[in-house]
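Each chain, written out:
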Amino acid sequence: MILKLIYADRMKLKRSPIWLAFLFMPIVPALLGTLNYRANIGILKNGWYSLWTQHTLFTCYFFLPIMLGIYCSYLMRLENSNHNWNKLLTMPVKPWQVFVSKLVTASLMLVLSELWIGLLFIVSGKITGISEPIPKDLILWLACGTLGGMVMASVQLMLSAVLKSFALPVGIALAGGISGLVALAKGFGHIYPYALMAYGMRSNAPQVLMENGNLQFVVICLAFLALFTAAGSLWLSKRDI
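Residues numbered from 1 in each chain as written. Predicted model: local features only at pLDDT ≥ 70, side-chain atom pairs only at ≥ 80, totals over all residues. Heavy atoms only, no water.

### Remarks on the overall build of the protein chain
For the protein chain, the helix and strand inventory stands at ten helices and zero strands. Starting at the N terminus, the α and β elements of the protein chain follow one another as α-α-α-α-α-α-α-α-α-α. Here the C-alpha atoms of the protein chain give a radius of gyration of 18 Å, agreeing with the 18 Å that 2.2 N^0.38 yields for 241 residues. Along the longest, intermediate and shortest principal axes, the C-alpha atoms of the protein chain span 60 × 35 × 30 Å. (Helix = DSSP H or I, 4+ residues; strand = E, 2+ residues; numbered from the N terminus. Rg over C-alpha atoms; globule rule 2.2 N^0.38 Å.)

Now the structure itself:
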């Protein structure tokens, strides 16, 4: 049944303007990061690693949280319109299956966004004349960023279900992304849901290994995913939609 729900969500997004956000929003932080790198190339001497810090500075704390907020708000808005929740929840499906299908759909969109971000990063490095080999860690950065972003998506889906608003959860996502920067600076970004994406992508120090290791990062993300999925599913099951 979950696969059918995922397929239905994918069909709803087929001709959606949401793809414009996917295509164009990552270009902006890539451009800003590249320009910032070129302007400070005398200070930023670590090639790909320095360029990554500039790209993720704009991507992880501003644009990608906004994109996730838009993705999740749009997925929930589809059901908030025309009493679709009433129709959906009268079908032989469980509320947790509905929430999980939305989370999987948002996560698939996030995977595409991360791949696009990675491609833009490589293109930017080539344009700026970086001659060193592309860091092999790039795949790990993107994978961990995707897992951390899934946590943020689960929070945003829950907020969008509760608030029944499109713009407010997007604003919360932006505020969360900025607060994630503060959390990382204070040293607790590895346990703050809105900082896990930036923490996983090594936005501040790409050459430094995670302090507590990749396994603990995965465990923390999975725990948050279970928590927010359970909370969102419970809300859908109890709320008179």
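Resuming the write-up.
### Considerations on the packing of aromatic side chains
Given two aromatic rings, their pairing is described by the distance between the two centres and the angle made by the two planes. Applying the stated criterion to the full structure yields nine aromatic pairs. Measuring from ring centre to ring centre gives 4.9 Å for tryptophan 52 and phenylalanine 121, while their planes differ by 80°; the resulting arrangement is edge-to-face. In this pair, tryptophan 52 sits in helix 4 (residues 48–80) while phenylalanine 121 sits in helix 6 (residues 95–127), placing the two residues 69 residues apart along the sequence. This pair shows no difference in class: tryptophan 52 is buried, exactly as phenylalanine 121 is. Centre to centre, the rings of tyrosine 192 and tyrosine 194 are 6.3 Å apart; their planes meet at 50°, and the pair counts as tilted. Grouped by ring-pair contacts, the aromatic residues Trp48, Tyr49, Trp52, Phe121 and Trp141 constitute a single cluster. Just above the ring of phenylalanine 166 sits the side chain of arginine 77; from NZ or CZ to the centre is 5.5 Å. (Phe/Tyr/Trp six-rings, centres within 6.5 Å; stacked < 30°, edge-to-face > 60°. Buried < 20%, exposed > 50% of the residue type's maximum accessible area, 1.4 Å probe, protein only. Lys NZ or Arg CZ within 6 Å of the ring centre and 35° of its normal.)

### Considering a nonpolar patch on the surface
Taken together, the side chains of Leu20, Leu23, Phe24 and Ile27 present a nonpolar region at the surface, about 370 Å² in accessible area. Ranked by residue count, the leading element in the nonpolar patch is helix 2 (residues 18–24), at three residues. (Patch = residues over 30% accessible without salt bridge, like charges linked within 9 Å, V, L, I, M, F, W, Y side chains within 5 Å. Areas by Shrake-Rupley, 256 points an atom, 1.4 Å probe, with all protein chains shown as cover. Salt bridge = Lys/Arg side-chain N within 4 Å of Asp/Glu carboxyl O.)

### Remarks on the environment of serine 160
Mapped onto the fold, serine 160 is located in helix 7 (residues 137–163). A relative accessible area of 1% means that serine 160 is categorised as buried. The sequence separation of serine 160 and valine 170 amounts to ten residues, and the corresponding C-alpha distance is 8.9 Å.

### Notes on helix 8 (residues 167–186)
Note: α-helices contain 3.6 residues per turn, so residues at a spacing of three or four share the same orientation. For helix 8, with 20 residues, the first-to-last C-alpha span of 29 Å sits near the 28 Å given by 1.5 Å per residue. Looking at helix 8, one finds that the buried residues are Pro169, Val170, Ala173, Gly176, Gly177, Gly180, Ala183 and Leu184. Projected down its long axis, helix 8 shows its buried positions confined to an angular sector of 120°, all on one face. Exposed and oriented more than 90 degrees from the buried face of helix 8 are Ala167, Ala185 and Lys186. Trailing helix 8 by a residue or two, glycine 187 shows a phi angle of about 95°, which is positive. (Expected span 1.5 Å × (residues − 1). Arc of directions from axis to C-beta.)

### Considering unusual backbone geometry
Excluding glycine, most residues fall at negative phi; most peptide bonds, likewise, are trans. In the Ramachandran plot, arginine 202 falls in the positive-phi region, its phi being about 55° despite a non-glycine side chain. Mapping arginine 202 onto the fold places it in the loop between helix 9 (196–200) and helix 10 (213–238).

### Here's the deal with the environment of leucine 174
Looking at the element boundaries, leucine 174 is found in helix 8. Each C-alpha atom, one on leucine 174 and one on leucine 64, is 8.7 Å from the other, the two residues being 110 residues apart in sequence. Those residues in contact with leucine 174, other than ones at most four positions away along the chain, are Tyr61, Phe62 and Ile66. (Contact = heavy atoms within 4.5 Å.)

### Quick notes on the side chain of arginine 202
Despite its burial, arginine 202 pairs with no opposite charge; the closest candidate is aspartate 137, at 6.8 Å N-O. At 3.2 Å, the side chain of arginine 202 and the side chain of asparagine 214 are in polar contact. (Lys, Arg positive; Asp, Glu negative; His and termini not counted. Polar contact = N/O pair within 3.5 Å; in protein donor to acceptor, adjacent residues only side chain to side chain.)

### A short note on the environment of isoleucine 139
Along the chain, the position of isoleucine 139 falls in helix 7. Between the C-alpha atom of isoleucine 139 and that of glutamine 97, which follows or precedes it by 42 residues, the distance is 30 Å.

### As for helix 3 (residues 27–39)
For helix 3, built from 13 residues, the straight-helix expectation of 18 Å at 1.5 Å per residue is met to within 8% by its first-to-last C-alpha distance of 18 Å. For helix 3, the full list of buried residues reads Pro29, Ala30, Gly33, Thr34 and Tyr37. With its buried residues spanning 130° around the axis, helix 3 presents them on a single face. Looking at helix 3, the residues exposed on the side facing more than 90 degrees away from the buried face are Leu31, Leu35 and Ala39.

### Overview of the packing of helix 3 against helix 6
Each pair of packed helices can be described by the angle between their axes along with the distance between the axes. At a minimum axis separation of 10 Å, helix 3 and helix 6 run at an interaxial angle of 30°. As far as their axial angle goes, helix 6 and helix 3 are roughly parallel. Handedness of the crossing formed by helix 3 with helix 6: right-handed. For the pair helix 3 and helix 6, contact is made by Ile27, Ala30 and Thr34 and by Trp116, Leu120 and Ser124, respectively. Here the residues of the contact of helix 3 with helix 6 sort into four nonpolar, two polar and no charged. (Axes fitted to C-alpha atoms, helices over the stretch in contact; angles between N-to-C directions. Parallel < 35°, antiparallel > 145°, perpendicular 65-115°, else oblique. Left-handed = near helix turned anticlockwise from the far one by under 90°. Nonpolar A, V, L, I, M, F, W, Y, C, P; charged D, E, K, R; others polar.)

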